[in-house]
Amino acid sequence: MQAHSLFLQAAGTRPGTIAQIIRDGDAAAVSPREIALIRYADRLTRAPATFDGRERAAVSRFLTDQGEVVEAATVVAGFNFANRVADGLGVPCEIPDMIDGHRIVGRLARWAVSTAMRVRMNFAPLDLRSDEPAEVLATLSHQLRESGAGPLPSYFARLAVRPHILAGQAALTRALLTASSVPRRLRLAIQLLTGTINGDGEATATAGDALGGAPELRRCVAAILRGDAIAPDAMRWEALREARHLEFARDLTRSASTTTDAQVLRLKQLGTTDVEILDLVLLTAAQNAANRLNVALAR
């Protein structure tokens with residue numbers, strides 16, 4: 001919530017309104033449109049597996065067109081990505097709890113940080129020009145199939161109404177596929193795992209089909225989702241390494257804020273490098289964001 005409050009204040013929301021949102025939630029002195037968006041973000045973040053047409057309809061009443069629907073979903077997905085990266089890599093909070101807990105000092109600290117964010121991030125109209133959506137979709141679809149990642153997720157077509165968002169999402173997806181140190185089979189296993197947790201049936205089916213020739217890895221994902229204990233002595237080193245990576249991805253998906261240095265240390269003890277851990281965090285965070293886009297923008 002601290003990071004969200006900083007962004008709200010940086011974007012121009014009054015400090016008193018932010019404090020009331022944190023304290024009272026839906027009872028805060030905000031407009032019906034803002035309440036609908038807060039509820040939408042909360043549901044899509046906390047319970048994507050049960051997110052359905054009712055949530056989409058509730059927020060759509062306050063949005064003017066499909067472009068704003070895409071923007072709302074992308075903002076929520078973006079924070080789900082950023083928060084998991086920060087938590088997974090142990091990035092500290094901007095404001096220590098001791099300061100943030102003090103009403104006056106905490107408010108002043110948030111004002112200072114949010115002002116710096118506003119200057120640094122430039123909350124101003126952007127140049128939104130980009131390549132033609134059809135060209136972006138065709139290129140990315142080809143690259144996904146060539147890399148063995150399967151067909152283009154259906155939510156990409158919905159992003160075409162905002163070409164700059166489509167281009168940014170395509171660039172992120174392309175980078176994760178071409179520059180990641182995570183092996184293809186582990187990428188697919190993470191996609192299967194996060195898709196199952198987040199109720200993204202399309203992602204789950206795509207990854208499951210692609211892993212058809214690796215039944216042992218599918219069984220490993222199922223066991224980790226059940227919470228079965230891993231027996232290191234009974235596993236090959238490479239299989240144990242994959243299982244530990246999948247455990248970390250599961251924990252980062254279910255409760256990113258509770259990931260610990262001990263979990264990272266356990267990965268390093270298996271020979272996982274810092275670069276591999278970074279790529280693992282980025283990939284898991286990106287899959288969580290993609291799951292929420294698929295769920296939110298499903299027809």
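Just so we're clear, the structure is a prediction, and the values are computed from it rather than from any experiment.

Rules used in this analysis
- Residues take numbers from 1 onward in each chain, read along the sequence in its written order.
- Predicted model: local features are reported for residues with pLDDT of at least 70 only, side-chain atom pairs are reported and counted for 80 or more only, and whole-chain, interface and lining totals are derived from all residues.
- Values reported for side chains reflect all heavy atoms of the structure, with hydrogen atoms and water molecules removed beforehand.
- A helix here means a DSSP run of H or I that spans at least four residues, while a strand means a run of E at least two residues long, and both kinds are numbered starting from the N terminus.
- Buried, partly exposed and exposed residues are distinguished by accessible area as a fraction of the type maximum, computed with a 1.4 Å probe on protein chains only: under 20%, between the cut-offs, and over 50%, respectively.
- Here, two residues are considered to be in contact whenever any of their heavy atoms come within 4.5 Å of each other.
- Reported accessibility uses the Shrake-Rupley method at a 1.4 Å probe radius. Residues are deemed covered only where the shown protein chains occlude them.
- What a helix is expected to span follows from its residue count: subtract one and scale by 1.5 Å.
- Angular values range over 0 to 180 degrees, each being the angle between N-to-C directions of two axes fitted as lines to C-alpha atoms, with helices fitted over their stretch in contact.
- Handedness of a crossing is defined here by the sense of rotation of the near helix relative to the far one, left-handed for an anticlockwise turn of less than a right angle and right-handed for a clockwise turn.
- Think of it as three bins: nonpolar holds Ala, Val, Leu, Ile, Met, Phe, Trp, Tyr, Cys and Pro, charged holds Asp, Glu, Lys and Arg, and polar takes everything else, Gly as well.
- The salt bridge definition used is simple: a Lys or Arg side-chain nitrogen within 4 Å of an Asp or Glu carboxyl oxygen.
- Think of a nonpolar core as a cluster: buried Ala, Val, Leu, Ile, Met, Phe, Trp, Tyr and Cys residues, connected wherever their side-chain atoms sit within 4.5 Å.
- Ring pairs are drawn from Phe, Tyr and Trp, using the six-membered ring of Trp, whenever the two centres fall within 6.5 Å, and their geometry is named by plane angle: stacked under 30 degrees, edge-to-face over 60, tilted for the rest.
- Known as pLDDT, the predictor's confidence for each residue is given on a scale from 0 to 100.
- His is not counted here, nor are the chain ends, while Lys and Arg score as positive and Asp and Glu score as negative.
- Identification of polar contacts relies on pairs of N or O atoms within 3.5 Å, with a donor-acceptor requirement for protein atoms, meaning one able to donate a hydrogen and the other able to accept it, and with residues adjacent in sequence counted only if both atoms are side-chain atoms.

Enquirer: Quick rundown of the overall build of the protein? Include the residues and the values.
Expert: Scanning the protein from terminus to terminus reveals 16 helices and zero strands. Going through the 299 residues of the protein one by one, you find that 42% of them count as buried. Put simply, 69% of the contacts in the protein that link residues at least 6 apart link residues at least 24 apart. If you sum the accessible surface of the protein, you get close to 15600 Å²; carbon and sulfur atoms cover 58% of it.

Enquirer: Explain helix α11 (residues 184–198) to me, and be specific about the residues and the numbers.
Expert: End to end, α11 covers 21 Å across 15 residues, agreeing with the expected 21 Å (1.5 Å per residue, within 8%). Regarding α11, the residues found buried are Leu 186, Arg 187, Leu 188, Ala 189, Ile 190, Gln 191, Leu 192, Leu 193, Thr 194, Gly 195 and Asn 198. Of the residues one or two after α11, Gly 199 is the one with positive phi, at around 70°.

Enquirer: Mind laying out the packing of α11 against helix α13 (residues 215–226), listing which residues take part and the relevant values?
Expert: Packing of α11 against α13 brings their axes to within 10 Å, and their N-to-C directions diverge by 35°. The two elements α11 and α13 cross, and the hand of that crossing is right-handed. From α11, Arg 185, Ala 189, Leu 192, Leu 193, Thr 196 and Ile 197 reach across to α13, where they touch Glu 216, Leu 217, Arg 218, Val 221, Ile 224 and Leu 225. Taken together, the residues of the contact of α11 with α13 break down into eight nonpolar, one polar and three charged.

Enquirer: Talk me through the pattern of salt bridges; I want residue IDs and the actual numbers.
Expert: Under the counting rule described, the total for this entry stands at 14 salt bridges. A salt bridge links Asp 65 to Arg 162; the nearest nitrogen and oxygen atoms lie 3.9 Å apart. One end of the pair, Asp 65, is in the loop between α4 (53–60) and α5 (66–88); the other, Arg 162, is in the loop between α9 (155–159) and α10 (163–178), with 97 residues separating them in the sequence. According to the relative accessible area criterion, Asp 65 is partly exposed, its value standing at 37%. You can call Arg 162 buried: its relative accessible area is 19%.

Enquirer: Run through the nonpolar core, naming residues and quoting values.
Expert: Within the largest apolar cluster, 32 residues are counted, with the highest numbers of intra-cluster contacts made by Ile 190, Leu 211, Val 221, Leu 246 and Phe 248. Of all the secondary-structure elements, those providing two or more residues to this core are α11, α13, α14 (237–254), α15 (261–269) and α16 (274–297). Among residues more than four places away in sequence, those in contact with Val 221 are Ala 189, Leu 192, Leu 193 and Leu 246. Membership of the second largest hydrophobic core comes to 29 residues, among which are Leu 44, Leu 63, Leu 137 and Leu 144.

Enquirer: Lay out the packing of aromatic side chains with the relevant residues and their values.
Expert: Enumeration according to the criterion identifies two aromatic pairs in this entry. Note on Tyr 40 and Phe 51: the rings are 5.6 Å apart at their centroids and 75° apart in plane angle, and the pair reads as edge-to-face. On the criterion of sequence distance, the pair formed by Tyr 40 in helix α3 (residues 32–46) and Phe 51 in the loop between α3 and α4 is long-range, its members being 11 residues apart. Classification of Tyr 40 as buried rests on a relative accessible area of 5%.

Enquirer: How would you explain the confidence of the model for the protein if you had to name every residue and give the values?
Expert: Looking at the protein as a whole, the pLDDT averages 82, with 77% of positions reaching at least 70. Segment residues 116–123: pLDDT under 50, and 12 contacts once partners within four positions in sequence are set aside and those in other chains are kept.

Enquirer: Tell me about the environment of Leu 217, and name the residues and values.
Expert: Checked against the element boundaries, Leu 217 lands in helix α13. Residues Leu 217 and Ala 243 lie 26 residues apart in sequence; the distance between their C-alpha atoms is 8.6 Å. Leave out the neighbours within four places in its chain, and Leu 217 touches Arg 185, Ala 189, Leu 211, Glu 242 and Leu 246.

Enquirer: Give me the side chain of Asp 200: which residues, what numbers.
Expert: Positionally, Asp 200 belongs in the loop between α11 and α12 (201–210). The buried charged residue Asp 200 lacks any salt bridge partner; its closest oppositely charged side chain belongs to Arg 292, at an N-O distance of 8.9 Å. A distance of 3.0 Å separates a polar atom in the side chain of Asp 200 from a polar atom in the side chain of Asn 291. The residues touching Asp 200, leaving out its near neighbours within four places in the chain, are Gly 195, Ala 290, Asn 291, Asn 294 and Val 295.

Enquirer: Give me the environment of Glu 71: which residues, what numbers.
Expert: Relative to the elements of secondary structure, Glu 71 occurs in helix α5. When the C-alpha atoms of Glu 71 and Arg 162 are compared, they prove to be 8.0 Å apart, with 91 residues separating the residues in sequence. Setting aside residues no more than four positions away along its own chain, Glu 71 makes contact with Arg 162 and Ile 165.

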